[in-house]
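Coordinate inspection notes
For reference, the chains in residue letters:
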Amino acid sequence: MIRRNRTLRKSPSVRELVAETRPGVDDFIVPLFVTEGTGVKEEISSMPDYYRLSLDNLKKEVNELWALGLKSVLLFVKVPDNLKDEFCSEALNKKGLMVRAIQAVKEAQPGMCVMTDVALDPFSPHGHDGLVKNFEIVNDETLKILSEMSVIHAEAGADFVAPSDMMDGRVAAIRTALENNGFNKTGILAYSAKYASCFYGPFRDALDSAPGFGDKKTYQMDMRNRKEAIKEALDDINEGADIVMVKPAGAYLDIIREVKNAVNVPVAAYQVSGEYAMIKAAAQKGWLNEQAAITESLTAIKRAGADLIASYFAKDFAKLNRE
Ligand code: PBG
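Now for a look at the structure at hand. (Residues numbered from 1 in each chain as written. Predicted model: local features only at pLDDT ≥ 70, side-chain atom pairs only at ≥ 80, totals over all residues. Heavy atoms only, no water.)

Thoughts on the environment of H128
Where we set the bar: A run of H or I in DSSP counts as a helix once it spans at least four residues, and a run of E counts as a strand once it spans at least two, with each numbered from the N terminus. Note on exposure labels: buried denotes an accessible area under 20% of the residue type's maximum, exposed denotes more than 50%, and partly exposed covers the range between, all computed with a 1.4 Å probe on protein chains only. Under the rule applied, a polar contact is a pair of N or O atoms within 3.5 Å (in protein, one hydrogen donor and one hydrogen acceptor; residues adjacent in sequence only if both atoms are side-chain atoms).
Inspection of the secondary structure assignment puts H128 in the loop between β5 (113-118) and β6 (131-133). The buried category is assigned to H128, whose relative accessible area is 0%. Residues H128 and F213, spaced 85 residues apart in sequence, show a C-alpha to C-alpha distance of 8.7 Å. A distance of 2.9 Å separates a polar atom in the side chain of H128 from the backbone oxygen of F213.

Structure below.
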């Protein structure tokens, strides 16, 4: 034999030497669910060990994350039913939960990079990401609210706004609004290739935001399409996105690679709630080694081409890889 491939696998030291992919703590964005109240830490039924936090507990969590080397969070708010309306007016409340959450994170850790979800589903009685008229999710009217919302988040101190709504033209609309209001240092992390996916189920439990009618297929992407993901990412970059994201991650590794090869901005991937739930459930049954599954799934996402990873396992990963 001229070449024995096992030579480069023969010991841990050799394997470390030639390993191509090393997800690091710096790569992670930690999604956090925020709720009203004090002292609240509610476990999400379909996401074991993951919680909705009130602002006081949010601060504690952020301090723990910071101590572990995790320096970016992505905020989602759970809005009480009585504040949801057709116009999603709570999304534009300058004293709303998102504004207070951004401030709370910055108070606890001024260095933490704060990213905010921009979409209407938590504020809508319909659970849709845009305004609803006659059972249709209307595009252009939605853009105005998303833009105003982004300016409010920027004003509160958000470092990045993260539109997850998949309306057409939203990145351009948000970028224009930010510039017009003097927020020229606020970034846009665009959920560019966001697929209509069953893997968002547990997230909708977390925010109580399941669509009241229909599904999200008129705005989120069709799982069967690959080229469209590149188009979406390039459009978002042309409209001013700083970072583009692919979501979900695990079932869309090919898309992460396609997008990575097509763009010259950082690519993020979102290991979503259903991916978390699958690993957790199998581990609870003793059918999978949880730590190994965490490491393997995250390494695969990184290997596929993700520069950044949003994951509910970020904290576990940081603990597993503590120096
Ligand atoms: C909604 C939004 C969703 C997620 C992030 N933002 C759900 C959806 O589109 O229905 C999913 C995240 C996850 O499942 O972890 N704008």
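Focus on the packing of aromatic side chains
The geometry of two aromatic rings is summed up by the distance between their centres and the angle between their planes. For the record, the criterion: Side-chain rings of Phe, Tyr and Trp (the six-membered ring for Trp) are treated as a pair once their centres are within 6.5 Å; stacked means planes under 30 degrees apart, edge-to-face means over 60, and tilted covers the remaining angles.
By the definition in use, this model includes 14 aromatic pairs. Arranged with centres 5.0 Å apart and planes meeting at 85°, the rings of F76 and F203 form a pair that is edge-to-face. A residue pair is termed long-range when its members are at least 10 positions apart, and F76 in strand β4 (residues 72-77) and F203 in helix α6 (residues 201-207) qualify at 127 residues. Overall, F76 belongs to the buried group, its relative accessible area being 2%. Since its relative accessible area comes to 13%, F203 is described here as buried. Aromatic side chains Y270 and Y312 sit 6.0 Å apart centroid to centroid with 45° between the ring planes, which places their arrangement in the tilted category. Of this pair, Y270 sits in strand β11 (residues 267-271) while Y312 sits in the loop between β12 (308-311) and α11 (314-320); the two residues are 42 residues apart in sequence, bridging distant segments of the chain.

Regarding the pairing of β5
The cut-off we apply is this: At least two bridges found by DSSP between two strands is the condition for calling them paired. Handedness of a crossover is defined as follows: orient the strands so they point away from the viewer, and if the path from the first strand over the helix to the second runs clockwise, the crossover is right-handed.
Of all six residues that make up β5, six are buried, and the element is covered over most of its length. Of the two faces of β5, both are covered, the one formed by C113, M115 and D117 as well as the one formed by V114, T116 and V118. Two elements, β4 and β5, share four bridges in a ladder whose sense is parallel. Its bridge partner being in β5, V73 is matched across the sheet by V114. As for the winding sense of the linkage, the β-α-β connection from β4 through helix α3 (residues 97-108) to β5 is right-handed.

Some remarks on the site of the ligand
Keep this limit in mind: Whether a residue is near a molecule or strand depends on its heavy atoms: it is near if one of them lies within 4 Å of it. Here the open area of atoms and residues is found with the Shrake-Rupley method and a 1.4 Å probe, where only the protein chains shown may cover a residue. Here the nonpolar group is Ala, Val, Leu, Ile, Met, Phe, Trp, Tyr, Cys and Pro; Asp, Glu, Lys and Arg are the charged ones; every other residue, Gly included, is treated as polar.
Taken together, 18 residues lie around the ligand, and R204, K216, K247, S273 and Y312 are the ones closest in. Between the ligand and D121, the relevant distance is 3.0 Å, taken from a nitrogen atom to a side-chain nitrogen or oxygen of the residue. S164 places a side-chain nitrogen or oxygen 2.8 Å from a nitrogen atom of the ligand. Starting from 400 Å² of accessible surface for the ligand in isolation, the protein chains cover 100%. Residue classes in the shell around the ligand are distributed as eight nonpolar, three polar and seven charged.

Structural notes on the side chain of K78
Under the convention used in this document: Neither His nor the chain ends contribute to the count of charged residues, in which Lys and Arg are positive and Asp and Glu negative. Here, a salt bridge means any side-chain nitrogen of Lys or Arg that lies within 4 Å of a carboxyl oxygen of Asp or Glu. Note on contacts: a residue pair qualifies if any of its non-hydrogen atoms lie within 4.5 Å across the two residues.
Mapped onto the elements of the fold, K78 is located in the loop between β4 and α3. There is no salt bridge for the buried K78, and the closest opposite charge comes from D208, which lies 4.7 Å off by N-O distance. If sequence neighbours within four positions are ignored, K78 has contacts with V34, T35, R52, L97, A206, L207 and D208.

Here's the deal with a positive patch on the surface
Our working rule: In this analysis, a patch consists of residues with relative accessible area above 30% that form no salt bridge, clustered at 9 Å for like charges and at 5 Å for the nonpolar side chains Val, Leu, Ile, Met, Phe, Trp and Tyr. Just so you know, the charge point we use is NZ for Lys, CZ for Arg, CG for Asp and CD for Glu.
A cluster of like positive charges, contributed by K41, K60, K319 and R322, occupies part of the molecular surface. With respect to the helices, strands and loops of the structure, K41 is situated in strand β2 (residues 41-44).

Regarding unusual backbone geometry
A cis amide bond links K247 to the next residue, P248, at an omega of -10°. By secondary structure assignment, the location of P248 is in the loop between β10 (243-247) and α8 (253-262). The phi angle at D49 is positive, at roughly 70°, despite the residue not being glycine. Topologically, D49 is positioned in strand β3 (residues 47-53). For D49, a relative accessible area of 46% corresponds to the partly exposed category. For C88, which is not glycine, the phi dihedral falls at a positive 55°. Note that C88 resides in the loop between β4 and α3. A relative accessible area of 1% means that C88 is categorised as buried.

Examining the nonpolar core
Across soluble globular proteins, nonpolar side chains show a tendency to be buried alongside one another. Selection rule: By nonpolar core we mean a set of buried residues, namely Ala, Val, Leu, Ile, Met, Phe, Trp, Tyr and Cys, connected to one another through side-chain atoms within 4.5 Å.
F33, L58 and L75 are the most contacted members of the largest nonpolar core, which totals 109 residues. When residues no more than four places from it in sequence are discounted, the contact partners of L75 are L32, V34, L58, M98, A101, I102, V105, V114, M115, T116 and D117.

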